[in-house]
Amino acid sequence: MRDEADRVWSGSWVAERLGVELVGDDRLTGLLGLALRRNPKRAHLLVSNVLGKHVPQSPSVVYDHGFELGRRVRDLLGADEARRAVVLGYAETATGLGHSVADGLGPAPYLHSTRRPVDGLTPAGGFEESHSHATSHLLLPEDPTLLTGDGPLVLVDDEFSTGNTVLNTVRDLHERYPRRRYVVVALVDMRSAADAGRLEEFAREIGARVDLVTAASGTVRLPEGVLEKGQELVARYESRSAARDSSAGAAPSCPAAQSPAPLGQHPQGARGTARPSPTGPPPGGDGTDPHVARVDLRWPADLPDGGRHGFTPAHRERLEDALPAMARRLADALPADARRVHVLGFEELMYAPLRLARELERTTDVEVRYSTTTRSPVLAVDDPGYAIRTRLVFPAHDNPADGSGERYAYNIAGAGFDAVVAVVDSAADTPRLHAPDGLLARLAAHTPQVLLAVVPSYAPEAPHAPERPSMLPEPLRGPAFSSYAPEEVGWLLQDLSDVTLEAPTEEREEAIQSGGAHYAESLPVEYQPSEQYQELFHAALDTSAARIAQAVGVVTETVLAERSPRPVLVSLARAGTPVGVLMRRWAQHRHGLDLPHYAVSIVRGRGIDANALRWLAEHHDPRDVVFVDGWTGKGAITRELAQALEEFEKTDGIGGFSPEIAVLADPGSCVRTYGTREDFLIPSACLNSTVSGLISRTVLRADLVGPHDFHGAKFYRELAGTDVSVTFLDAVSARFPEVTDAACAQAKDLLATDRSPTWEGWAAVERISEEYGIHDVNLVKPGVGETTRVMLRRVPWKVLARAGAGSDLDHVRLLAEQRGVPVEEVDALPYTCVGLIHPKYTRGATGADGKAVTL
């Protein structure tokens, strides 16, 4: 099997059937093979031959590729800059590669992102992969100052394909910890021609230098219809695999080894004979099963198992000193006649197994190969021209935060290993690992001997919470703060009315997109509506008051029935505040309830006001709190709230707050509790403070908001002459009697249906971001409400309007005309409209297509 594979490119099977080509450096086909996977965006998978993830490889080859890239980065930076650098690797595939790059760079500390949260440890950052609906990666350094320096940040991934993940990371980190230089490192640069210039453009936007270092470069040529052909091919081979597993009496969902090619039984190695998985007591790694034995590595106390929480040069020295003795213990535990051994790492735990394998290879005459388990499901085809020959499927065994599921180990079955050394951290040494269908049993079916080596999971101590004042201030209320009646809402904010915070829209946009400022550190100049625009507002209110009233009734009845009979309404200021007031009024109208209602601040990228949560927990049962917002766009605030509450529970030990948000309108299908999922004009979105109690957007700036303060906001008393806040509330409330029956009936129907979020809005935003060359979902604002905000607060680029959209967009069209922004009609748009923020704003900017844009 191995000799045959050595003569054939491991991408030829896919290339012949789908017409996929790798074009570029001569080294590409040596570095990469091809496989297939079930994926709605890309059927083919580039499989690295030197990463040590899917393909067993000599550990020296794996390590040397990363180390050499680190040497090249050191030469690029120079000695002085290299000493100030920090290396960041990506979970899960590049954790070992990034660590190897850090070794090559020299004295650099290393950190990798993780999908495993740690109780009590507050993330220093987080970022998303473009396909994900939730924050995919957390940054959890034990020393928070690791990311705050101004030296170069070196970001390491296995491949650089579109650049989206790297740009998302840099954008997030540069906003928090700006620096002058970044270096992006990857084994292969596979960007398309369309993506090739984005890195340079992005560097200009943020005002920093961004370099790229790779081992090889090229691109993938895909013929027309390749996605559909690939999906059909995957489905056909998976059905063959399932049929064969059923006929063999194996459970199709978790067979011991899968290889969907129609080649009969998997070939076994020359030394091992296939045997069924154990049917007796599960192998415990303690000598009860002769095919599984535990090896005590004597891992040094308090030495991190990897870079999840940071790995310093001092840690590196301790590891280098300990490696020879640990490798000797592994060698002594191997069977006497073992000549071919595989060291198998575990998901993010790549570096420690890699160094153990390399030391074993260096100090013995055993042929050593190395790879790791993975979360990534890939089709297996037993053909020498295909990169994934076999796969082992087993249940997750580390109690992952995202729930149980299948995990995989590739190209081990049938490879003829005399022994497999499984290296896991102690968090993964669970009963599932030792179960009859667990990883150890799957391995034992394909090798005479399995050794289990457990590395202690490094868990940094949670920092002590800072002392806090015993008394937080009482909520601000009207008329001293806001034009709402005092019983309508209490603002858990501090009054910054005397502080000048406003800046011209164009100046704010340039600062925000360059990474020089966060949007919550300043305020836009309040829009003063023209007489024509005010007429549009009142016309829209007359038209939609009954529809809004019914939606208010639906969402309030749903909350009362499902969440709490006496909820504490907590609006997300400021768009949620008018809705919270209306929900409170409905509860009085329909049920005679006098519900408490507060408004708190939540800031994208910074989370919810923790002091406001503490105040709420002191005065109410957190289980009764229902967070309220006006509408959903793509769901960014939904995700922000969920993450913030999770972090708050870890840091403060206060639980019970539900992350579910109740909204008036959910066009993005991001929440379960809503009044409607239609995307229509909510008049409160037409204006800023003059329909929100004369309160500004919330402000979070370090020089104004201390650790024991509520977030801030301004009360624009001077705008009282144009204030329509109470006018809006009264117009909607007046329609409650006529819509009560319909709202209650609709709520009853909704309670009996599946209201699970589909995140359709997020998918649409991702598609629009790519189609229009923006490559940043934060600059795509879907829905009537969000589009209006773009027109009033940001530098708009263009507006996409659903073909045939009617009067709901009259005010948007007027604003677009006033600002010289084109409105483009689009068929099959999932929202009534979408606002696009200028993607590359500087004064005199051009659009993503290179053409001048009228601002």
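On a predicted model such as this, the values are computed, not experimentally measured, just so you know. Within each chain, residue numbers correspond to sequence positions counted from 1 in written order. Only residues with pLDDT of at least 70 are given local features in this predicted model, and only at 80 or more are side-chain atom pairs given and counted; all residues enter the totals for whole chains, interfaces and linings. Excluded from the side-chain calculation are hydrogens and water; included are all heavy atoms of the structure.

Let us now look at the overall build of the chain. Strands are runs of DSSP state E lasting at least two residues, helices are runs of H or I lasting at least four, and both sets are numbered from the N terminus onward. Scanning the chain from terminus to terminus reveals 24 helices and 32 strands. For every residue, the accessible area (1.4 Å probe, protein chains only) is compared with the maximum for its type, and the residue is labelled buried under 20%, exposed over 50%, or partly exposed between those bounds. When the 855 residues of the chain are sorted by exposure, 60% land in the buried category. In this description, contact between two residues means that some pair of their heavy atoms is separated by no more than 4.5 Å. Considering only intrachain contacts with a sequence separation of at least 6, the fraction spanning at least 24 residues in the chain is 77%. Only the protein chains shown count as cover for residues, with accessible areas throughout obtained via the Shrake-Rupley method and a probe of 1.4 Å. As displayed, the chain has an accessible area near 32,300 Å², and 49% of this comes from carbon and sulfur atoms.

Next up on the list: the pattern of salt bridges. By convention in these notes, a salt bridge is any Lys or Arg side-chain nitrogen within 4 Å of a carboxyl oxygen on Asp or Glu. Taken as a whole and judged by the stated rule, the model has 40 salt bridges. Across the pair Asp 211 and Arg 209 runs a salt bridge, and its minimum N-O distance is 2.9 Å. Relative accessible area serves as the criterion here: at 44%, Arg 209 is assigned to the partly exposed category. Ionic pairing is found between Glu 562 and Arg 672, a salt bridge with its closest N-O pair at 3.5 Å. Highlighted residues: Glu 562 in helix H16 (residues 531-562) and Arg 672 in the loop between strand S26 (661-665) and strand S27 (673-676), separated in sequence by 110 residues. Taken together, the shared-partner salt bridges connect Asp 103, Arg 316, Glu 320 and Arg 355 into one network.

What follows covers the confidence of the model for the chain. Should the pLDDT be low somewhere, the predicted coordinates at that spot are not to be read in detail. Here pLDDT means the predictor's own confidence in every residue, given as a number from 0 to 100. Scored by pLDDT, the chain has a mean of 83; 85% of the residues are at 70 or more. Under a pLDDT of 50 for its full length, residues 245-288 has, in the predicted model, 97 contacts with residues more than four places off or in other chains. In this model residues 464-470 is a low-confidence stretch, pLDDT under 50, and it forms seven contacts with partners more than four residues away in sequence or in other chains.

Next up on the list: the sheet that holds strand S12 (residues 340-345). The strand order S11-S17-S16-S12-S13 describes an open sheet built from five strands, whose pairing is parallel. Of all strands in the sheet, those with a lone pairing partner are strand S11 (292-295) and strand S13 (367-372), marking the two edges. The mean angle between the axes of side-by-side strands here comes to 25°, regardless of whether they run parallel or antiparallel. Paired strands, in this sense, are two strands between which DSSP finds at least two bridges. Each axis is a line fitted through C-alpha atoms, taken for helices only over the stretch in contact, and angles between the N-to-C directions span 0 to 180 degrees.

Looking now at unusual backbone geometry. The peptide bond linking Ala 91 to Glu 92 adopts the cis configuration, its omega dihedral lying at -5°. Position of Glu 92 among the secondary structure elements: in the loop between strand S4 (86-89) and helix H6 (95-105). For the bond from Gly 478 to Pro 479, the omega torsion is 0°, close enough to zero to count as cis. Here Pro 479 is to be found in the loop between strand S17 (450-455) and strand S18 (490-491). A positive phi angle is found at Glu 347, which is not glycine, with a value near 45°. Mapped onto the fold, Glu 347 is located in the loop between S12 and helix H12 (351-363). For Leu 694, which is not glycine, the phi dihedral falls at a positive 65°. Position of Leu 694 among the secondary structure elements: in the loop between S27 and strand S28 (712-713).

Here we come to the packing of H6 against H12. It is at 8 Å that the axes of H6 and H12 come closest, and there the two elements cross at 65°. Residues Gly 96, His 99, Ser 100 and Asp 103 of H6 form the contact with H12, whose participating residues are Tyr 351, Leu 354 and Arg 355. In terms of residue class, the contact of H6 with H12 is made up of two nonpolar, three polar and two charged. The nonpolar class holds Ala, Val, Leu, Ile, Met, Phe, Trp, Tyr, Cys and Pro. Asp, Glu, Lys and Arg form the charged class, and all remaining residues, Gly among them, are polar.

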